[in-house]
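What follows is each chain in one-letter form.
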Amino acid sequence: MSQRAGEEYAEFAAARAGHLYRSACLLTAGDTYLAEDLVQEALGRIYVHWGRVSRAENPAGYAQTVLTRTFLAHRRRFSSRERARESFPELADTGADPGGADPSLRLTLLDALARLPAKDRAVVVLRYWEDRSVHETADALNMSSAAVRTRCVRALGRLRELLGEDLAEYARP
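Keep in mind that what you see is a predicted model, and the values were worked out from it rather than measured. Within each chain, residue numbers correspond to sequence positions counted from 1 in written order. Per-residue local features of the predicted model are confined to residues with pLDDT of at least 70, and side-chain atom pairs are confined, for both listing and counting, to 80 or more; whole-chain, interface and lining totals are unaffected and use all residues. Just so you know, side-chain values use all the structure's heavy atoms and leave hydrogens and water out.

1. So, the environment of Arg151
Helix and strand assignments come from DSSP, with helices taken as H or I runs of at least 4 residues and strands as E runs of at least 2, each series counted from the N terminus. Inspection of the secondary structure assignment puts Arg151 in helix α8 (residues 145-163). Between the C-alpha atoms of Arg151 and Asp120, which are 31 residues apart in sequence, the distance is 5.6 Å. Any pair of residues with heavy atoms lying within 4.5 Å of one another is described as a contacting pair. Leave out the neighbours within four places in its chain, and Arg151 touches Lys119, Asp120, Val123 and Met143.

2. As for the side chain of Arg127
For Arg127, the position within the fold is in helix α6 (residues 118-129). No salt bridge forms around the buried Arg127; measuring N to O, its nearest opposite-charge neighbour Asp131 is 5.9 Å away. Side-chain atoms alone can form a polar contact between residues adjacent in sequence; in general such a contact is a pair of N or O atoms within 3.5 Å, and within protein one must be able to donate a hydrogen while the other accepts it. Among the polar contacts listed, one links the side chain of Arg127 to the backbone oxygen of Arg132, at a separation of 2.6 Å. Those residues in contact with Arg127 that lie beyond four places of it in its chain are Arg132, Ser133, Val134, Thr137, Val148 and Cys152. Only protein chains enter the area calculation, which uses a 1.4 Å probe; residues under 20% of their type maximum are buried, those over 50% are exposed, and those in between are partly exposed. This count recognises Lys and Arg as positive and Asp and Glu as negative, with His and chain-terminal groups excluded. Think of a salt bridge as a Lys or Arg side-chain nitrogen and an Asp or Glu carboxyl oxygen that are within 4 Å of each other.

3. Let's talk about the nonpolar core
Leu43, Ile46, Trp50, Leu67, Leu141 and Val148 are the most contacted members of the largest nonpolar core, which has 43 residues in total. Those elements that place two or more of their residues in this core are α1 (3-27), α2 (32-48), α3 (50-53), α4 (59-78), α5 (103-114), α6, α7 (134-141) and α8. In this text, buried Ala, Val, Leu, Ile, Met, Phe, Trp, Tyr and Cys residues form a nonpolar core when linked through side-chain atoms within 4.5 Å.

4. Some points on the confidence of the model for the chain
It should be kept in mind that the predicted coordinates are not to be read in detail where pLDDT is low. A residue-level look at the chain finds 80% of positions with pLDDT of 70 or above and a mean pLDDT of 81. Taken element by element, the predicted model of the chain shows its lowest mean pLDDT in helix α9 (residues 166-171) (51) and its highest in α2 (91). With pLDDT under 50 throughout, residues 94-99 is counted as low confidence; its partners more than four residues away or in other chains account for one contact. Per-residue confidence from the prediction method is given by pLDDT, with values spanning 0 to 100.

Here's what the structure looks like:
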């Protein structure tokens, strides 16, 4: 890789790493250590193919797709080594939350996401966190649009079951 291409990749990685990390945290349902590993692996894969990726129409979308596929591959490889957690690790208080979200609500949502199957969780994150269309989500996950719609309905129904009336309690001002 040329020095210029290396600098372009470093710029891209620095600009996208935070967003990829936040998406990875949602995909892993709050496992920050695994999220960091997934982002590093995704960025490594992008580095290997940077010449092609840099010429792509949407390198950021490509990076998100690589991250999602890396997550799903990890789930397939390590599904037998899952470990249950009774609680989330302590999160640092960063002062005022710019989104105004309640930490209790965030933890409740992460817990509910953790209870979804990996593919359902990936569909929810891409459709509602990344705000992708059904077609874009289907392309990213290498499945049909009908499968994405089915998984969305199933995942949202499951989230409603898990959250029940608790969500209304956390959403009150």
